[in-house]
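# Secondary and tertiary structure notes
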Amino acid sequence: MPQICDSLEKAAVDPRIKGIVVEINPLAIGWSKVQELRRYIQLFRDSGKFTIAYMKIAGEKEYYLSTAFEEVYVAPSASVRLAGFSVAGTFLRGVLEKVGVEPQVQRIGEYKSAGDQLLRKDMSPAQREQLTELLDDIYEHFLDTVAAARGKTREEVAALLDRGVYDNEVFASEGWVDGLKYEDEIIDDLKKRTGGKDDEVTKVGLSKYSRVSRSAFGLNGKKRIAILRAGGAILGKAAGGLGGSGGSITPDGIIPKLRALAKDKKIAGVVLRVDSPGGDALASDLMWREIRKLAEKKPVVACMGDVAASGGY
């Protein structure tokens, strides 16, 4: 994710880059990351260069992301499913009763719903309330964003979801995508746009382009904003003793970095990117203390990812 966003920012000002083409596959990320990625694509598009999205399998997340591109194409036989939004829970109390297991869960507050999976047979009113709020927020944002991007009204976008369209010809004829094309047709079009040889596309891949220095385009100044990413469950100590590794957040991994950022005179401020469901209370408190100390020396801004719950919050 950071590699993609950084490359889009560089490519927007790189005179060698004429445009981008992205095949959007099923996304295994949450809505927060999809929204962030979409903003960077929009930043690139604002540079005036061409942007093309191509999809073979797509749901709401994939289609939402595609609307940041100027041109959106799907394969004629693509599986595009836009059927609206829902959320559900799994509750195991009934199963546990049948096997003679009595769950014991410590919790504080009615909205602390993680233990409900073991304690309840159905969704609590408090959990239903908070999930409904999240779902409504995502739904409203989807309507506004897609409507603005595709030149539709909110009512038209809502009607599309309610209709449950599965016919790609309908998506194309009504302007939800710009056409139905096979991959070779996209490639033939790119050969003309990139001005290379007749039999190949002049291109550079993400892996190679990500190694291009930001300083080559004047994107690095004397003062910098550091981004410290904290993702995963919060543990007192990571397995193997490597703090912050293996998808976890630990004091041993985060605190030395915070202290180093406090001393680094080239760092003007820090963005703390949190993507965590929480975990160890003591570890959370120790890191919280160091963040507050860092904030006494330079600005610190918290940026929430897909999850920022409990100790992560």
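As a starting point, this report considers the structure included with it. Fair warning: this is a prediction, and the values are worked out from it, not measured in the lab. (Residues numbered from 1 in each chain as written. Predicted model: local features only at pLDDT ≥ 70, side-chain atom pairs only at ≥ 80, totals over all residues. Heavy atoms only, no water.)

Moving on, we get to the pattern of salt bridges. Tallied over the entire structure, the rule returns 23 salt bridges. Linking glutamate 174 and arginine 163 is a salt bridge whose minimum nitrogen-to-oxygen distance equals 3.0 Å. Within this pair, whereas glutamate 174 is found in the loop between helix H8 (168–173) and strand S4 (179–180), its partner arginine 163 is found in helix H7 (residues 154–163), the two being separated by eleven residues in sequence. Each of Asp6, Glu9, Lys10 and Arg214 takes part in one network of salt bridges that share partners. (Salt bridge = Lys/Arg side-chain N within 4 Å of Asp/Glu carboxyl O. Helix = DSSP H or I, 4+ residues; strand = E, 2+ residues; numbered from the N terminus.)

This paragraph deals with the sheet that holds strand S5 (residues 224–231). Pairing is parallel across the open sheet formed by three strands, whose spatial order is S5-S8-S9. At either end of the open sheet lies a strand with only one pairing partner, and these are S5 and strand S9 (300–308). Ignoring strand direction, the axes of neighbouring strands in this sheet form an average angle of 20°. Pairing of S5 with strand S8 (residues 267–276) involves eight bridges; the strand directions are parallel. Its bridge partner lying in S8, isoleucine 227 is registered against valine 271. This element, helix H2 (residues 31–45), spans S8 and S9 of the sheet and lies at about 125° to S9. (Pairing = 2+ DSSP bridges. Axes fitted to C-alpha atoms, helices over the stretch in contact; angles between N-to-C directions. Contact = heavy atoms within 4.5 Å.)

Strands sit in the order S1-S2-S3-S4 across an open sheet of four strands; the sheet is parallel. With partners counted over all chains shown, the strands left at the sheet margins are strand S1 (19–24) and S4, one partner each. Pairing of S1 with strand S2 (residues 50–58), which is carried by six bridges, proceeds in the parallel orientation. Of the residues in S2, the one forming a bridge with valine 21 is isoleucine 52.

It is worth spelling out H7 at this point. Looking only at H7, the buried set comprises Val157, Ala158, Leu160 and Leu161. Relative to the axis of H7, the buried residues are bounded by an arc of 155° and lie together on one face. Seen from the buried face of H7, the exposed residues on the opposite side, beyond 90 degrees, are Glu155 and Asp162. Residues of H7 that are buried in the fold lie against helix H6 (125–150) and H8. In the stretch just after H7, glycine 164 is the one whose phi turns positive, near 65°. (Buried < 20%, exposed > 50% of the residue type's maximum accessible area, 1.4 Å probe, protein only. Arc of directions from axis to C-beta.)

Applying the stated criterion across every chain yields a total of five aromatic pairs. Measuring from ring centre to ring centre gives 5.7 Å for tryptophan 31 and phenylalanine 85, while their planes differ by 55°; the resulting arrangement is tilted. With a gap of 54 residues between them, tryptophan 31 in helix H2 and phenylalanine 85 in the loop between strand S3 (71–80) and helix H4 (93–98) connect regions that are remote in the sequence. Taking the centre distance of 6.1 Å and the plane angle of 75° together, the rings of phenylalanine 85 and tyrosine 139 count as edge-to-face. Here phenylalanine 85, found in the loop between S3 and H4, pairs with tyrosine 139, found in helix H6; they are 54 residues apart in sequence, far enough to count as distant. With relative accessibility at 22%, the residue phenylalanine 85 sits in the partly exposed group. Members of the aromatic cluster, each reached through a chain of ring pairs, are Trp31, Tyr64, Phe85, Tyr139 and Phe142. If you follow lysine 181 out to its NZ or CZ, it ends over the ring of tyrosine 73, 4.4 Å from the centre. (Phe/Tyr/Trp six-rings, centres within 6.5 Å; stacked < 30°, edge-to-face > 60°. Lys NZ or Arg CZ within 6 Å of the ring centre and 35° of its normal.)

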